[in-house]
Amino acid sequence: MTDQIAKEHLWFSDLSCEQLNVMRDHGTEPPGSSPLNYEKRPGTYYCAGCQTPLFHGDMKYDSGCGWPAFFTVIEGAVEMEIDHSHHMTRTEVHCARCKAHLGHIFPDGPMPTGERYCINGVSLKFKKEDV
Ligand SMILES: [Zn+2]
């Protein structure tokens, strides 16, 4: 299954080992490791695999969980799937276009959505807004 996906998505060859581990093999980067945890400027977060815009800067908030967190997502940009790995039931979030694994969604986010998109920084590419 993984090999098949890798063949269909040649963009994987442009990614680092750490990115592949997260985006293709559903790994998780170490908490607190992403510089995007501290990113607060206006801009857009793109999928590191296929450059699809996933989140805007004003969707991000500081959850303190150790990963970049968002309370909502650009409509249609991601898909979700129930994930039973690690003896937990979580909702996995992946890019709707290239299917790269991004992170998980938890129901403990701020209002109005009450959702927390807990996303691996290596799956994202941030582009600051030109002002
Ligand atoms: Zn993608």
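Residues numbered from 1 in each chain as written. Predicted model: local features only at pLDDT ≥ 70, side-chain atom pairs only at ≥ 80, totals over all residues. Heavy atoms only, no water.

Under an unreviewed UniProt entry, the chain has the name peptide-methionine (R)-S-oxide reductase and belongs to Commensalibacter papalotli. Per UniProt, the comment on the chain under Catalytic activity (unreviewed entry) is "L-methionyl-[protein] + [thioredoxin]-disulfide + H2O = L-methionyl-(R)-S-oxide-[protein] + [thioredoxin]-dithiol". Quoted straight from UniProt, the Sequence similarities (unreviewed entry) entry for the chain says "Belongs to the MsrB Met sulfoxide reductase family." (UniProt positions renumbered as here; feature names shortened; annotations may be inferred.)

Caption draft 1: Examining the coordination of the zinc ion more closely. Coordination of the zinc ion by the protein is provided by Cys47 (SG), Cys50 (SG), Cys95 (SG) and Cys98 (SG), with metal-donor distances spanning 2.3 to 2.4 Å. For the zinc ion, the four donor atoms are set out with angles of 102 to 116° between them, so the coordination reads as tetrahedral. Along the chain, the residues that donate to the zinc ion are spaced as C-x2-C-x44-C-x2-C. Highlighted residues: Cys50 in the loop between β1 (43–47) and β2 (53–56) and Cys98 in the loop between β6 (90–95) and β7 (101–106), separated in sequence by 48 residues. There is no split in this pair, since Cys50 and Cys98 are both buried. (Donors = N, O, S within 2.8 Å, 3.2 Å for Na, K, Ca; no water. Tetrahedral: all angles 85-135°; square planar, octahedral: opposite > 155°, others 65-115°. Helix = DSSP H or I, 4+ residues; strand = E, 2+ residues; numbered from the N terminus. Buried < 20%, exposed > 50% of the residue type's maximum accessible area, 1.4 Å probe, protein only.)

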